Every structure is written in C-alpha cells, then in structure tokens.
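# Report on the structure
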Amino acid sequence: MRAYVTGGTGFIGSNIVKVFAERHGATVHCPVHSFVPDNPQGYTTEPLDLLDADAVLSSVAQFDPDVIVHSMILNDLDGIYARRELAWRSYVDATLTMAEAANRAGAKLIVVSTDWVFDGTQAGADEHTPPNPVNYYGVLKALSEQAALLQAHRAAVARVSAVNGVHWARDEMPRGQDPGYGYFVTTVLDAVSQGQPFGVWEGDDINMAATPSLASECAETMWLIAANDDADGIFHCCGAEPAGRMELARLACEVFGHDPSLLRSVPPDSEMMSSMAGARIPYDTTIRTPRTTEILDYEPLGTRELLDRFKQELESGDLVPPTTGG
Ligand SMILES: NC(=O)c1ccc[n+]([C@@H]2O[C@H](COP(=O)([O-])OP(=O)(O)OC[C@H]3O[C@@H](n4cnc5c(N)ncnc54)[C@H](OP(=O)(O)O)[C@@H]3O)[C@@H](O)[C@H]2O)c1
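These notes cover the structure that comes with them. (Residues numbered from 1 in each chain as written. Predicted model: local features only at pLDDT ≥ 70, side-chain atom pairs only at ≥ 80, totals over all residues. Heavy atoms only, no water.)

## Considering the packing of aromatic side chains
To describe a pair of aromatic rings, you give the distance between the ring centres and the angle between the ring planes. In the structure shown here, the tally under the stated rule is nine aromatic pairs. With a centroid separation of 4.9 Å and an interplanar angle of 50°, the aromatic rings of F11 and Y183 are classed as tilted. Taken as a pair, F11 in helix α1 (residues 11–23) and Y183 in the loop between β7 (163–164) and α6 (184–192) lie far apart in primary sequence, 172 residues in all. The exposure classification of F11 matches that of Y183, with both residues buried. Judged by centre distance (6.3 Å) and plane angle (75°), the rings of F184 and F198 are edge-to-face. Taken together, the positions of F184 in helix α6 and F198 in strand β8 (residues 198–201) put the pair 14 residues apart, joining distant regions of the chain. (Phe/Tyr/Trp six-rings, centres within 6.5 Å; stacked < 30°, edge-to-face > 60°. Helix = DSSP H or I, 4+ residues; strand = E, 2+ residues; numbered from the N terminus. Buried < 20%, exposed > 50% of the residue type's maximum accessible area, 1.4 Å probe, protein only.)

Below, the structure is given as structure tokens:
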C-alpha cells in the first residue's frame, strides 16, 4: 500500500507513519513543514505547506497514493481564535484540498478527528451521534469531517480521544498539562518518576472524562480502515473504557511503578485557562466504538492494557506486536 501521511512529524502522525511503514510494510510519504526530521527512517519526506493547494495537488499526484491519512492541524487553541482565517484555511480548506487530491489519485481519504466534536454532555457518544461542538476547534474539526465525507469519493473519519503514547519523530512532547487529555500520562510520569508531586487539574470547566487511547493503537485502527475497502464513514479509534483525570493518573502510576500518593487534586492553572480566548471546554467527551468494532472486527483495548503497551514501547524504543494479528 502507498500511504501519503500529512502531519507525519506530529505526535499522532508519527505513530501512523511507524505503524503503516514498519509494522505493515506500506510505502509512506510525508509532507514536512517547519520541523524537518534529520534522518527519516522507512519513509520519504518533502517540504510542503499544506495551505498551498496547487503544490499539494501536484505532490499527491506525483506520489500516487492508495490512501491519504490527513492528521495535520494548526495545533493551537488560542491561536485559532486569534487567527480565524488562517485556522479555517488550515482545517477546512486543507481538508477540501486533500479530498480533491484523493479523488484525482483514486485514493481513500482518512481524516483524523477528535472527541471534541461533542459538547461534553454527550457521554458515551457513538459513531452515529450528531456532533455539537462548543469551541472553534471542535467546529473546525466537525466541518473538516463533513468536508471529507461530502467531497471525497472514498472517505473515512478516524476520531481519536485522550491520546497518549510515544512521539516517534521528536524528543520533546509539545506541551504539558492542559484542559484536554493529550500527552497527560507523559506529563504525570515526568513528575512522579522524579519523586515530584503532581497536581492533577480537576474542575467544572475542563475535560474531566474521556476515553484514553494509545497513539499506536489509534494508528493500527487507521491501518484497518485503510486496508478494508468497505470501511468508510465515521470510526472511533480509541480505547475501550472511559476514565477521569485522577483515575487515569493513578492507573499510570500503578502500571509504571510510581507512588500514587504524589498525586494531588488541584484547580486548573488560571493563567492557562485565561489564555484560551474564552473557549469553552467540553466536560465529558467519552465515546464508544460499536460501529468501529463491527466493521473492522477490532476490539478496543482497556486502559490498563494500553498503558502496559505504552510502557513496553518506552522501554523497548519500538512498537510492540499488534493485537490484531496483522
Ligand atoms: N493529540 C491528541 O490528544 C488529539 C486528540 C484528539 C484529536 N487529535 C487530532 O489528531 C491530529 C494530530 O494531532 P497531533 O496532536 O498529533 O498534532 P501535532 O503533534 O501538533 O502535529 C501536527 C502536524 O501538522 C503539521 N503541520 C501544521 N501546519 C502545517 C502546514 N501548514 N503544512 C504542513 N504541515 C503542517 C505539523 O508540522 P510542523 O510542526 O513542522 O509545522 C505537525 O507535523 C489532529 O487532527 C488532531 O485534531 C489529537
């Protein structure tokens, strides 16, 4: 399979690249932007700004993919409010360009999306639940989903949730604790592994419940979507169980062998909260996977098993064998 992966130097993209290329032997090509990897292993790169539609169409045509996995975003909640036109171009217009590129190449388009398309009161939303985003990020992601589903001849949406895991392209995780769940486990482990106390944010105005996922398992689910000709529409590429922030932090301490008494409940950082342009944060974004499980014949993993696999990835510096047999 030939896979064109956007955002391949990002957190989730680096897992998509590794799973597709190393585990499944796909030929992978990634446009790269401000960060250029020194020595990309097992995939090719090309400098490209995904806002340049003509250049994107030409790059995709030249690579001639079977699948495009579009994980690129302008990852800046504050910034998308400050620069709304740039944000629109980066999310909605870039997805429309990828749909056009996929159609011209006869490729399937998989757009990576988020549990934040839900409003925080839709606990346990499944793939058929209508989204109701409460902030601009969620609006842009919901519109990008629709852009792909309506414009691409073969399209799938891969929603991920509370993603943790190894960043295979960069040494540093891009951020610490924030009102969402991304990178949360790494942030907890960074502190408790040094014997330092860690304040778990808890409050009514942040994301307090989600469905923890491991980035490489999300990528494995995307591989199943790519490899299955009948897999189109919306998928939930996440773990099997909901978890609160403290519950996830405690379980991470247990699995990684650190002292859970270092964890404290604290209110969210007021400086961080005031830097978010007044964006509302969805409270409970737990999601379920009935359609995904049925179509892909894939059973999502529980949180303890995902954390175990995360630990093995960190210790071995590599992926661990898939649970899907493939
Ligand atoms: N992380 C989570 O917990 C989470 C949760 C839910 C959904 N998601 C979704 O997962 C996807 C990936 O998120 P992530 O956390 O992996 O993001 P990330 O680490 O910030 O990666 C974003 C990638 O997009 C690239 N990019 C940005 N602007 C670009 C441009 N104009 N042209 C070309 N490339 C550009 C970046 O490259 P440069 O850095 O070189 O600019 C980077 O490789 C997104 O669709 C996001 O909505 C993530």
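## Focus on the site of the ligand
Close to the ligand lie 25 residues, the nearest being I12, H33, F35, Y137 and K141. For the ligand, an oxygen atom lies 2.8 Å from a polar atom in the backbone of I12. At 2.7 Å from an oxygen atom of the ligand is found a side-chain nitrogen or oxygen belonging to K141. Listed by contribution, the elements that provide at least two residues to the shell around the ligand are α1, β5 (108–114) and α5 (136–151). In terms of residue count, the dominant contributor to the shell around the ligand is β5 (three residues). Of the residues assigned to the shell around the ligand, the class counts are twelve nonpolar, ten polar and three charged. (Near = heavy atom within 4 Å. Polar contact = N/O pair within 3.5 Å; in protein donor to acceptor, adjacent residues only side chain to side chain. Nonpolar A, V, L, I, M, F, W, Y, C, P; charged D, E, K, R; others polar.)

## A few points about the nonpolar core
I16, F20, V28, V69, M222, I225 and L263 are the most contacted members of the largest nonpolar core, which totals 64 residues. Ignoring any residue separated from it by four or fewer positions in sequence, one finds I16 in contact with V5, V69, S71, V112, A219 and M222. Grouped together as the second largest cluster of nonpolar side chains are 19 residues, L48, L50, L109 and A152 included. (Core = buried A, V, L, I, M, F, W, Y, C linked by side-chain atoms within 4.5 Å. Contact = heavy atoms within 4.5 Å.)

## A word on the sheet that holds strand β4 (residues 67–70)
Pairing in this open sheet of seven strands is parallel, and the strands run β3-β2-β1-β4-β5-β6-β11 from one edge to the other. Each having just a single partner strand, β3 (43–47) and β11 (233–236) make up the two edges of the open sheet. Neighbour to neighbour, the strand axes of the sheet diverge by 20° on average, direction disregarded. Across five bridges, the pairing between strand β2 (residues 27–32) and β3 is parallel. Its bridge partner being in β3, V32 is matched across the sheet by P47. (Pairing = 2+ DSSP bridges. Axes fitted to C-alpha atoms, helices over the stretch in contact; angles between N-to-C directions.)

## Here's the deal with the side chain of K108
Inspection of the secondary structure puts K108 in strand β5. At 5.8 Å, D229 is the nearest oppositely charged side chain to K108, a buried residue that forms no salt bridge. Looking at K108, its side chain comes within polar contact range of the main-chain oxygen of N228, at 2.9 Å. Looking at K108, its side chain comes within polar contact range of the main-chain oxygen of A231, at 2.7 Å. When sequence neighbours within four positions are dropped, the list of residues in contact with K108 reads D66, V67, I68, R154, I225, A226, N228, D229 and A231. (Lys, Arg positive; Asp, Glu negative; His and termini not counted. Salt bridge = Lys/Arg side-chain N within 4 Å of Asp/Glu carboxyl O.)

## Topic: the packing of α6 against helix α8 (residues 245–256)
Packing of α6 against α8 brings their axes to within 10 Å, and their N-to-C directions diverge by 55°. With respect to their mutual orientation, α6 and α8 come out oblique. For the pair α6 and α8, the sense of crossing is right-handed. Together, F184, V185, V188, L189 and V192 of α6 and R245, L248, A249, A252, C253 and F256 of α8 make up the contact between the two elements. Among the residues forming the contact of α6 with α8, the class breakdown is ten nonpolar, no polar and one charged. (Parallel < 35°, antiparallel > 145°, perpendicular 65-115°, else oblique. Left-handed = near helix turned anticlockwise from the far one by under 90°.)

## Examining helix α2 (residues 53–63)
In an α-helix, one full turn covers 3.6 residues, which means residues spaced three or four apart are oriented alike. Buried within α2 we find V56, L57, S59, V60 and F63. Buried residues of α2 fall within an arc of 165° about the axis and therefore sit on the same side. Along α2, exposed side chains directed more than 90 degrees from the buried face belong to D54, A61 and Q62. Looking at the buried side of α2, the elements it contacts are β1 (2–6), β2, β3, β4 and α4 (84–105). Residue D64 follows α2 closely and has a positive phi angle near 55°. (Arc of directions from axis to C-beta.)

## Regarding the pattern of salt bridges
Opposite charge on two side chains makes pairing possible when the charged atoms of those side chains draw close. Enumeration over the complete set of coordinates arrives at eleven salt bridges. For R23, the salt bridge identified is with E220, shortest N-O distance 2.6 Å. With R23 in helix α1 and E220 in helix α7 (residues 215–227), this pair connects stretches of sequence that are 197 residues apart. Ionic pairing is found between R154 and D229, a salt bridge with its closest N-O pair at 3.9 Å.

These figures come from the coordinates and say nothing about function on their own.
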